[in-house]
Amino acid sequence: MAPGMLGALREVATTTCVARQRIEDGAGLAIGFEVLFRPHADAQSASEGWNFDDDIATARVMTALAGQFEVRDVSGDGLLFVNVPRSFLVRPDLIPIDADCVVLEVLEHVVIDAEVLAGIDRLLDEGFVVAFDDLVPDDPRMPFIDRCGFVKIDLQQVPEDQLVPLVEQVRSMAPGALLVAERVETPEHMELARAAGFDLFQGYLVNRPTMVVCQDVRPQVPLAVTLVARLFNPVTNLPDLADMVLSDAALTRTVMRQVNSATGARHEVTDIVQALNLLGRSRLRALLMLELMQASGHHDPEVPLLALARTRAVESLAPDAPLDAAIEALARLCTTVLGMSEEDVAEWLPRIEESPVATIACDALDQYLDAVDRESSPVALPSGFTPLQVSMAWLHGLRDARDLLDTVPQPRHEL
């Protein structure tokens, strides 16, 4: 690992924060809150001291709601409005929070194409409520507002003479939707919004965003690497794995939360050995791999998928030494993707000796994937491997990895 990285990771992972802004009805009663990204506890805006990115901001908010806060801790007894960019709409499985009390706000720059529309319909089927954020006259999202439970209009983005016609158009096309006036910052704004017929109101006049902060710790990187390696070995027993998990409070919490929210157990599981048994080795391995990706600063949701697919593929390519091949693939992943030093990897990974079979299998996969990236033919594969053989192993690895990740809500503590 790069010098000082562990310390830096611990430093940035100690505090998780979001802001929330109240949304109220005409009588001044709160119906819910919009949860807003903040890069640190003292930030007054989403971009303060941070290169803002919708995908990463949404991931961090989702992570906070899934891992550090309960949704009700932020929403109270009302609704919680969460912004979602395109990437989360075309991959609804990336949303790790339950539909209860949650309204997903489709950001104004999202183009409603076939992929996005299919994702919205799937989210509606799962019980989520959808809102369109910052609707304007002639908005290209207008034909699809009948899917919305809420429509939000920024008073300062719509000319005053167009506000009432826009409200009337929304009423006619989505009669079941509630209209939210955003950026209500002065008494004049409130008077304008009430006269236009809005149902709900949000802005500085109603409530300035307030911070919600939670202290948090991420699992230790060396422990996660070692655990992933141990999970490849079928002779590692559950009590030993349980002892390793219990040595890290954050990892213990992650495992227990995962089991109690995803296994369907009727009663809360409190025993770590039982939790690991219910979770299963493969799902625990996927969970740990996700933690490693996040700790390294890799925010692309495809990275965990590709990392798991690599280990599955080389296990197939080295059937006589699948454990050695998986460990070799993990070692290469740690050095090339996670940026760890070879010395750290050698210390953390329980490799007994070098395995030529594992090395050749990993070389074949690396050369094949490199050729695919360059859109060229992998003509120099190691002896004994054909492009067809490696491609089939890779495709099967991708399929298995995708199936596995579908069972594990992505934690992504600090994306």
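Our structure's up above, just so we're on the same page.
In this text the structure is predicted, and so the values were computed from the model without any measurement.

(A) Expanded view of the overall build of the protein. Looking only at helices and strands, the protein features 17 helices and 9 strands. For the protein, buried positions account for 50% of its 415 residues. Restricting the contact set of the protein to residue pairs at least 6 apart, pairs at least 24 apart contribute 65%. Total accessible area computed for the protein in this model is approximately 18800 Å², and 52% of it derives from carbon and sulfur atoms.

(B) The arrangement of helix α14 (residues 322–336) in detail. Compared with an ideal rise of 1.5 Å per residue, which puts 15 residues at 21 Å, α14 spans 21 Å between its outermost C-alpha atoms and is within 8% of the ideal. The complete set of buried residues in α14 reads Ala325, Ala326, Ile327, Glu328, Ala329, Leu330, Ala331, Arg332, Leu333 and Cys334.

(C) Inspection of a nonpolar patch on the surface at higher detail. Taken together, the side chains of Leu388, Met392 and Leu395 make up a nonpolar region of the molecular surface, amounting to roughly 310 Å² of accessible area. Tracing the backbone through its elements, the reader meets leucine 388 in helix α17 (residues 387–405).

(D) Molecular detail of the packing of helix α16 (residues 356–373) against α17. In the contact formed by α16 and α17, the axes pass within 10 Å of each other and the chain directions differ by 90°. Overall, the two elements α16 and α17 adopt an arrangement that is roughly perpendicular. Across the interface between the two elements, Ala364, Leu365, Tyr368 and Leu369 from α16 touch Pro387, Val390, Ser391 and Trp394 from α17. Looking at the contact of α16 with α17, its residues break down into 7 nonpolar, 1 polar and no charged.

(E) Spatial organisation of the packing of aromatic side chains. One pass over the full model with this rule turns up 1 aromatic pair. Between the aromatic rings of phenylalanine 81 and phenylalanine 150, the centroid separation amounts to 5.1 Å while the plane-to-plane angle is 75°, which identifies the pairing as edge-to-face. Pair noted here: phenylalanine 81 is in strand β3 (residues 79–84) and phenylalanine 150 is in strand β6 (residues 150–154), with a separation of 69 residues, a long-range link. Neither phenylalanine 81 nor phenylalanine 150 differs from the other in exposure class; each is buried. Of note, arginine 208 hangs over the ring of tyrosine 204, and the distance from its end group to the ring centre comes to 4.1 Å.

(F) Highlighting the nonpolar core. Formed by 60 residues in total, the largest nonpolar core has its most connected members in Val255 and Leu330. In terms of residue count, the dominant contributor to this core is α14 (8 residues). Those residues in contact with valine 255 that lie beyond four places of it in its chain are Val245, Ile272, Ala275, Leu276, Leu279, Leu284 and Leu287. If you look at the next biggest cluster of nonpolar residues, it comprises 59 residues, including Ala99, Leu155, Val158 and Ala181.

(G) Quick peek at the pairing of strand β7 (residues 178–182). With respect to burial, β7 is a largely interior element, 4 of its 5 residues being buried. Bridging between β6 and β7 involves 5 bridges; their strand directions are parallel. Of the residues in β7, the one forming a bridge with isoleucine 153 is alanine 181. Considered for its hand, the β-α-β crossover made up of β6, helix α6 (residues 160–173) and β7 is right-handed. Examined bridge by bridge, β7 and strand β8 (residues 200–201) share 2 bridges and lie parallel to one another. Bridged to alanine 181 within β8 is phenylalanine 201.

(H) Examining the side chain of arginine 332 more closely. Within the secondary structure layout, arginine 332 lies in helix α14. By relative accessible area, arginine 332 is classed as buried at 19%.

(I) Fine view of unusual backbone geometry. In the Ramachandran plot, aspartate 134 falls in the positive-phi region, its phi being about 55° despite a non-glycine side chain. Within the secondary structure, aspartate 134 is located in the loop between β5 (129–132) and β6. Unlike most non-glycine residues, aspartate 138 shows phi in positive territory, near 60°. Mapped onto the elements, aspartate 138 comes out in the loop between β5 and β6. Aspartate 138 sits in the exposed class, given a relative accessible area of 76%.

What counts, and at which threshold
- Residues numbered from 1 in each chain as written.
- Predicted model: local features only at pLDDT ≥ 70, side-chain atom pairs only at ≥ 80, totals over all residues.
- Heavy atoms only, no water.
- Helix = DSSP H or I, 4+ residues; strand = E, 2+ residues; numbered from the N terminus.
- Buried < 20%, exposed > 50% of the residue type's maximum accessible area, 1.4 Å probe, protein only.
- Contact = heavy atoms within 4.5 Å.
- Areas by Shrake-Rupley, 256 points an atom, 1.4 Å probe, with all protein chains shown as cover.
- Expected span 1.5 Å × (residues − 1).
- Patch = residues over 30% accessible without salt bridge, like charges linked within 9 Å, V, L, I, M, F, W, Y side chains within 5 Å.
- Salt bridge = Lys/Arg side-chain N within 4 Å of Asp/Glu carboxyl O.
- Axes fitted to C-alpha atoms, helices over the stretch in contact; angles between N-to-C directions.
- Parallel < 35°, antiparallel > 145°, perpendicular 65-115°, else oblique.
- Nonpolar A, V, L, I, M, F, W, Y, C, P; charged D, E, K, R; others polar.
- Phe/Tyr/Trp six-rings, centres within 6.5 Å; stacked < 30°, edge-to-face > 60°.
- Lys NZ or Arg CZ within 6 Å of the ring centre and 35° of its normal.
- Core = buried A, V, L, I, M, F, W, Y, C linked by side-chain atoms within 4.5 Å.
- Pairing = 2+ DSSP bridges.
- Right-handed = clockwise from strand over helix to strand, strands pointing away.

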